[in-house]
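A look at the structure
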Amino acid sequence: MADTLEFNEIYQEVKGSMNDGRLRLSRQGVIFKNSKTGKVDNIQASELAEGIWRRVALGHGLKLLTKNGHVYKYDGFRESEFDKLSEFFKSHYRLELAEKDLCVKGWNWGTVKFGGQLLSFDIGEQPVFEIPLSNVSQCTTGKNEVTLEFHQNDDAEVSLMEVRFYVPPTQEDGVDPVEAFAQNVLSKADVIQATGDAICIFRELQCLTPRGRYDIRIYPTFLHLHGKTFDYKIPYTTVLRLFLLPHKDQRQMFFVISLDPPIKQGQTRYHFLILLFSKDEDISLTLNMNEDEVEKRFEGRLTKNMSGSLYEMVSRVMKALVNRKITVPGNFQGHSGAQCITCSYKASSGLLYPLERGFIYVHKPPVHIRFDEISFVNFARGTTTTRSFDFEIETKQGTQYTFSSIEREEYGKLFDFVNAKKLNIKNRGHKESMTQNYDEYADSDEDQHDAYLERMKEEGKIREENAEDSSDESGEETDESFNPGEEDEEVAEEFDSEVSASSDGGSDREEKRKPAKKAKMVKERKPRKKPSESKKGKDPNAPKRPMSAYMLWLNASREKIKSDHPGISITDLSKKAGELWKGMSKEKKEEWDRKAEDAKRDYEKAMKEYSEGGKSESSRKEKSKKKQHQSKGKAEKKAAPSKALSKSPVKPLGESFKSKEFVSSDESSGDNKKEDSEEEEIASTPPSLEDSASGSD
């Protein structure tokens, strides 16, 4: 016979809620671990008084009764497991596993039996239903009637609020059956009444959840929070865990009490009681018990007179009364040396503590996540800034927690901690030095083929190469329209102070050149637009860029995909094509790669021929343009009237300047700088110099 038996997917019935978990039977006793909360119920083998096997809604169930009257119910067994369990109980617990079925007649008239902490309503010898009296919160009586009210369980979809029993009157003198019924219930019910004196009282403690300052009164079986507005009574049996956490500023301490079930205020549920203490605050404490009682009850864990830091005294007293260990942070140290990480959860900022067996976040709202309920964790890039990152946790139940705005310096420490705890990291394999690219935060799905992304990359390459080609082709044109050598000669002719000494016009010529100076400066900016204008227009005769292997395959396969998937949209077609291309064999891809290479060679050959033909043609056009400009300039010289030039130098200067400005604005796109300078010289040449100029021609 094996020393242990283990069962998965077993359900424990607690206040109408079926909590799933694992059940283990050993020589020492029975252990059940709740999968959701991690709470462990341990029943010693010496405490077992009775075991009952019966058929229930979820198959077959096991009911265990202890010597002190507690009842534990476990459902989800198979009928074939009865023999194995019966033999185990005989050999290890010296108990007979009895079979007892529930009554299903549907009658509502029967007998009530009180056995330990269990109220059983029986019809004949079979129980119809059973009520653990520890679930009763209140018991009231009326004429021939008793009403039971129950503690509510937030995890239960449907909760039992109350049950009323009709108790018929009896002929016995001096005994009221209704009062006797109520007394039996109240003697075992979980009705909290603050009777007697408190063991000790802590005054005006700062509480973060529920918010406010409370007096904490410590009673033997429960904790009483007394505030200005609300009071809470917390039985020690509802305390699940205790945490003592140092604040990041090293001057304060958090004391966290995890509760199951939570305390309630209206519709609000408080699963955690969080107290905040200053490390510098000390207290001297005297327990309201004599030394013998303290020694007998607490066995040296507490003394009658104690002194020390306030947080130490509260945690020490709670540990002794609740009889649970206090969890403190482990070996984790962040970038700043603290044992926590500053982050944000939902809308509030708080502290995340990596513990030895889980994470806890304080304080609003408090969150505790055990390692054994984590499915995977994920490191993600920050949504608002590159100076931070997000830490995501997803549980096996599908709940996701995102802790955001974590400083990037904390990444290495947190990653090493998660890795050491052997948690499943979603984007594992991307751990590199943190840069602004956040490559280590990339999603694991990025290796999938993205047809849209590939198309955008191809178009980007085409635009870049077209820009390079157009800049190569327009290089000579740009040099001609903006020639530094010619500019220097013109500037020297206009603005050199020694020009008047070598000319016959004297001061009159200098005055005429002053307004021409403005016109020239306006004209100098115009030709700079030519390169951009030449880039805008694309030659329709230029060879088209070759397509990539994927685009060649897509063009050839598009109709087939449409026929295989009638009515497919353009977006879905691109996605489907990407999937097909990704799943294609290497040999087929090489065939399209060869076609793409052939297309590229043909393009390069055609581009070479096009560029050579285009340059020769452009040079011929430039020569014909220059000849036209020269002939046009000579015709204007012969047609210039002598009367307009023989008048006062001021008036013709204004007329020539005005007409020149209008001409330059209309014809600036077709004239070059050399032609403009010749026209200015003709317009500003006096009659005495005109003959010499025409003679030189």
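Since the structure is predicted, the reported quantities are computational estimates derived from the model, not experimental observations.

Things to note about the sheet that holds strand E10 (residues 118–123)
Across the sheet, 3 strands lie side by side as E9-E10-E11; this open sheet has antiparallel pairing. The sheet terminates laterally at strand E9 (111–115) and strand E11 (126–132), the two strands that pair on one side only. Direction aside, the axes of adjacent strands within the sheet are offset by 25 degrees on average. Two strands pair when backbone bridges link them, and E9 and E10 are joined in this way by 5 bridges, in the antiparallel orientation. Among the inter-strand pairings, Gly-115 is bridged to a residue of E10, identified as Leu-118. The strands that helix H2 (residues 177–188) touches are E9 and E10; relative to E9, the one it contacts most, it runs at about 35 degrees.

Brief notes about the nonpolar core
Counting residues in hydrophobic clusters, the biggest one holds 40 residues, and the most contacted among them are Phe-202, Ile-218, Leu-223, Phe-255, Val-314, Val-317 and Met-318. A per-element tally of this core places helix H4 (residues 310–322) first, with 9 residues. Those residues within four positions of Ile-218 in sequence are excluded, and the remaining contacts are Ala-198, Ile-199, Cys-200, Phe-202, Leu-223, Tyr-236, Val-317, Met-318 and Leu-321. Cys-343, Phe-379, Phe-389 and Phe-391 belong to the second-largest nonpolar core, a separate cluster that totals 26 residues.

A few points about a negative patch on the surface
A surface patch of like charges, here negative, comprises Glu-79, Asp-83, Glu-87, Glu-99 and Asp-101. Structurally, Glu-79 can be placed in the loop between strand E7 (71–77) and helix H1 (82–93). For Glu-79, a relative accessible area of 60% puts it in the exposed group.

A few points about a positive patch on the surface
A contiguous patch of positive charge, built from Arg-301, Lys-319, Lys-325 and Arg-357, is present on the exposed surface. Tracing the sequence through the fold places Lys-325 in the loop between H4 and strand E24 (326–327).

A word on the packing of helix H11 (residues 549–564) against helix H12 (residues 570–583)
The geometry of a pair of packed helices is captured by two quantities: the angle between their axes and the separation between those axes. For the pair H11 and H12, interaxial distance at closest approach is 10 Å and the crossing angle is 115 degrees. When the axes of H11 and H12 are compared, the crossing they make is right-handed. The segment H11 lies against H12, with Ala-549, Tyr-550, Trp-553, Leu-554, Arg-558, Ile-561 and Lys-562 engaging Leu-573, Ser-574, Lys-576, Ala-577, Gly-578, Leu-580 and Trp-581. Among the residues making up the contact of H11 with H12, the classes are represented as 9 nonpolar, 2 polar and 3 charged.

Details of the packing of aromatic side chains
Taken as a whole and assessed by the stated rule, the structure comprises 32 aromatic pairs. An angle of 35 degrees between the planes, with centres 5.3 Å apart, marks the rings of Tyr-345 and Phe-403 as tilted. Highlighted residues: Tyr-345 in strand E25 (residues 341–345) and Phe-403 in strand E31 (residues 400–407), separated in sequence by 58 residues. Pair check on accessibility: Tyr-345 and Phe-403 agree, each one buried. By way of ring pairs, the aromatic residues Phe-332, Phe-359, Phe-371, Phe-379, Phe-389, Phe-391, Tyr-411, Phe-415 and Phe-417 are connected into one cluster. A cation over a ring is seen here: Lys-105 above Trp-107, with NZ or CZ 4.7 Å from the ring centre. For Lys-595, the ring lying beneath its charged end belongs to Trp-592, and the centroid distance is 4.1 Å.

What counts, and where the lines are drawn
Residues numbered from 1 in each chain as written. Predicted model: local features only at pLDDT ≥ 70, side-chain atom pairs only at ≥ 80, totals over all residues. Heavy atoms only, no water. Pairing = 2+ DSSP bridges. Helix = DSSP H or I, 4+ residues; strand = E, 2+ residues; numbered from the N terminus. Axes fitted to C-alpha atoms, helices over the stretch in contact; angles between N-to-C directions. Contact = heavy atoms within 4.5 Å. Core = buried A, V, L, I, M, F, W, Y, C linked by side-chain atoms within 4.5 Å. Buried < 20%, exposed > 50% of the residue type's maximum accessible area, 1.4 Å probe, protein only. Patch = residues over 30% accessible without salt bridge, like charges linked within 9 Å, V, L, I, M, F, W, Y side chains within 5 Å. Areas by Shrake-Rupley, 256 points an atom, 1.4 Å probe, with all protein chains shown as cover. Salt bridge = Lys/Arg side-chain N within 4 Å of Asp/Glu carboxyl O. Lys, Arg positive; Asp, Glu negative; His and termini not counted. Charge placed at Lys NZ, Arg CZ, Asp CG, Glu CD. Left-handed = near helix turned anticlockwise from the far one by under 90°. Nonpolar A, V, L, I, M, F, W, Y, C, P; charged D, E, K, R; others polar. Phe/Tyr/Trp six-rings, centres within 6.5 Å; stacked < 30°, edge-to-face > 60°. Lys NZ or Arg CZ within 6 Å of the ring centre and 35° of its normal.

Taken by themselves, the reported measurements are silent on function.
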